[in-house]
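Okay, here's what each chain looks like letter by letter:
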Amino acid sequence: MPPSLSVVVCSYDGAARLGRTLDALAAQTVRADLEIIVVDDASRDATGHVARGHGATVIRHDTNRGAAAARDTGLRAAKGRVVAFLDDDCEPGPRWAELLLGGYAEDGVAGVGGPIVPETGDGFLPRFLERNNRHEPLELDLTVSAALPYRFWLYLRRQWRAAPPSRGRRDVHAFSGGNMSYEREALLAAGGFDPRFRYAAEEEDLSRRLPRGRLVFVPQAPVAHRYAPTVRGLLRRSLAYGRGAAMQYRKWPGVRPTLFPWPALVAGLAVVAVRWPAVAPAPALLPLLLYPVGLRHALRGRAEALADPYLRLAQETCENIGFLHGLWAFRRMFAEDRTGRGGGQST
């Protein structure tokens, strides 16, 4: 009998962390109904050896092809009715698989996902990530309108909101890739993951191509995201997110450009301050008002959160740079998609 759930774990040089993910899968309440597939994306370490030692099926890429291609490889090999995806630094709780499968009992569900909770230790950066979790799902309000004034309003609302969106069970637009699942036939009907998205945005691209069906976010099915954050790593990921957004913009004509306004505003004031020094305090203090959630945390006794707006400004600046770089780098990548001479999907 085919497994109920195939779990695809994508890994690159993950030998030191993969074992914890596989141990967590071995402890699932529905372990007997799981198929575990590890896609080794041309690792240079013992990733494949660790995976085989835990009884997983291992598929190795000869060259490093990125997250979307690795997920697609796992999808093509999976036998389960539902296929779930984890990263090698994500550890699910013992009822994770059971809760994901339970989500498909509702009518019209094509995908079920859960939260990615950063567990990165102590210090400013780990606490910053807890306050500013980049791995929240994309909410359905993003699909209401593509008009720039509406998107700007959503941006402002996110900056001023005292708390994250509702933590309840709800339909969403797209999941974060480290904790998501879909009906296998729905994924295959959509053409799978587009391997051109090497890092970031492949989940939203997929959600645009899925056949009709709901994507249900189940907050009771989290995975712990364990890694050692650095400012450099944070900003490198922001550059990658920007490039991913540029790929979406190039591939989908209806997608609006994703450029954040506050970095341009602060940079403009900094240029003005060179000519008129009296203006100098404005670019230094303005981020506290543009990203007021940090100030709100500081007023509650977390003084370190006063630094949050400046790090968020740096992240958005890097996303803008990544987006502009991607606009040029991917200017011809999707030309065949638009003219109908090629689909660009995985085979």
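### Some details on the overall build of the chain
Within the chain, the secondary structure is distributed over 14 helices and 12 strands. Projected onto its principal axes, the C-alpha positions of the chain cover 75 × 50 × 45 Å. The contacts in the chain between residues at least 6 apart in sequence include a share of 78% that link residues at least 24 apart. With the model as given, the accessible surface of the chain reaches about 16500 Å², and the carbon-plus-sulfur share is 59%. The positive charge centre, built from 46 side chains, and the negative charge centre, built from 36, are 6 Å apart in the chain.

### Quick look at the side chain of histidine 225
As for its placement among the helices and strands, histidine 225 is situated in strand E12 (residues 223–225). The contact partners of histidine 225, leaving out residues within four places of it in the chain, are Asp89, Cys90, Ile116, Val117, Pro118, Glu119, Thr120 and His135.

### Some words on the packing of aromatic side chains
Under the counting rule described, the total for this entry stands at 11 aromatic pairs. Geometrically, the ring pair formed by tyrosine 155 and tryptophan 262 is tilted, given 5.8 Å between the ring centres and 55° between the ring planes. With a gap of 107 residues between them, tyrosine 155 in helix H6 (residues 148–160) and tryptophan 262 in helix H10 (residues 261–275) connect regions that are remote in the sequence. Aromatic pair tyrosine 249 and phenylalanine 323: ring centres 5.9 Å apart, planes at 50°, arrangement tilted. In this pair, tyrosine 249 is assigned in helix H9 (residues 231–251) and phenylalanine 323 in helix H13 (residues 308–329), connecting sequence segments 74 residues apart. A relative accessible area of 29% means that tyrosine 249 is categorised as partly exposed. Arginine 134 extends its terminal NZ or CZ atom over the ring of tyrosine 241, reaching a point 3.8 Å from the ring centre. Lying across the ring of tryptophan 276, arginine 275 places its NZ or CZ 5.3 Å from the centre.

### Describing the pairing of strand E2 (residues 34–40)
In summary, the side chains of a regular strand alternate between the two faces of the sheet. Summarising burial for E2: 7 of the 7 residues are buried, a large majority. Side chains Leu34, Ile36, Val38 and Asp40 project from E2 onto one buried face, and the interleaved Glu35, Ile37 and Val39 project onto a second face that is buried too. In this fold, strand E1 (residues 5–11) hands off to helix H1 (residues 15–26), which returns the chain to E2; that crossover is right-handed. Sheet topology places E2 next to strand E3 (residues 57–60); 4 bridges connect them, and they run parallel. The partner of isoleucine 37 across the bridge, within E3, is threonine 57. Where the polypeptide runs from E2 across helix H2 (residues 47–53) and back to E3, its parallel neighbour, the crossover connection is right-handed.

### Overview of the state of the cysteines
Between two cysteines, a covalent bond joining their sulfur atoms is known as a disulfide. In total, this model carries 0 disulfides according to the counting rule given. Free cysteine: cysteine 10, not disulfide-bonded; nearest cysteine sulfur from cysteine 90 at 11 Å. Among the residues examined, cysteine 90 registers a relative accessible area of 1% and is labelled buried.

### Section: the sheet that holds E3
Read from one edge to the other, the open sheet built from 9 strands follows the order E3-E2-E1-E4-E10-E6-E11-E9-E8, with strand pairing classed as mixed. Edge positions in the sheet fall to E3 and strand E8 (138–139), since each of these pairs with one other strand and no more. Direction of pairing for strand E6 (residues 109–113) relative to strand E11 (residues 214–217): parallel, over a ladder of 4 bridges. Directly across from valine 109, in E11, lies its bridge partner arginine 214. On the sheet, helix H8 (residues 202–209) packs against E8, strand E9 (170–174), strand E10 (179–183) and E11 and is oriented at approximately 105° with respect to E9.

### Overview of helix H11 (residues 281–290)
Turning to H11, its buried residues number three or more, namely Pro283, Leu286, Pro287, Leu288 and Leu290. The inward-facing, buried residues of H11 abut H6, H10, helix H12 (292–299) and H13.

### Some thoughts on the sheet that holds E12
Across the sheet, which stays open at both edges, the 3 strands sit in the order E5-E12-E7 with mixed pairing between neighbours. Taken across any chain shown, the strands that pair with only one partner, and hence form the sheet edges, are strand E5 (90–92) and strand E7 (116–118). Put simply, the sheet's adjacent strands are angled 30° from each other on average, direction ignored. Sheet analysis places E5 next to E12, joined by 3 bridges and oriented antiparallel. Across the sheet, the residue bridging to glutamate 91 is alanine 224, located in E12.

### A word on the pattern of salt bridges
All chains considered together, the criterion is met by 28 salt bridges. A salt bridge links arginine 60 to aspartate 40, with the nearest nitrogen and oxygen atoms 3.1 Å apart. Taken together, the residues arginine 60 in strand E3 and aspartate 40 in strand E2 connect sequence positions 20 residues apart. Residue class for arginine 60 comes out partly exposed when judged on its relative accessible area of 45%. Judged by relative accessible area, which is 3%, aspartate 40 ranks as buried. Salt bridges linked by common partners bring Asp122, Arg127, Arg131, Glu304 and Asp308 together as one network.

The rules we used
- Residues numbered from 1 in each chain as written.
- Predicted model: local features only at pLDDT ≥ 70, side-chain atom pairs only at ≥ 80, totals over all residues.
- Heavy atoms only, no water.
- Helix = DSSP H or I, 4+ residues; strand = E, 2+ residues; numbered from the N terminus.
- Contact = heavy atoms within 4.5 Å.
- Areas by Shrake-Rupley, 256 points an atom, 1.4 Å probe, with all protein chains shown as cover.
- Lys, Arg positive; Asp, Glu negative; His and termini not counted.
- Charge placed at Lys NZ, Arg CZ, Asp CG, Glu CD.
- Phe/Tyr/Trp six-rings, centres within 6.5 Å; stacked < 30°, edge-to-face > 60°.
- Buried < 20%, exposed > 50% of the residue type's maximum accessible area, 1.4 Å probe, protein only.
- Lys NZ or Arg CZ within 6 Å of the ring centre and 35° of its normal.
- Right-handed = clockwise from strand over helix to strand, strands pointing away.
- Pairing = 2+ DSSP bridges.
- Disulfide = S-S within 2.5 Å.
- Axes fitted to C-alpha atoms, helices over the stretch in contact; angles between N-to-C directions.
- Salt bridge = Lys/Arg side-chain N within 4 Å of Asp/Glu carboxyl O.

Purely geometric numbers; function is a separate question.
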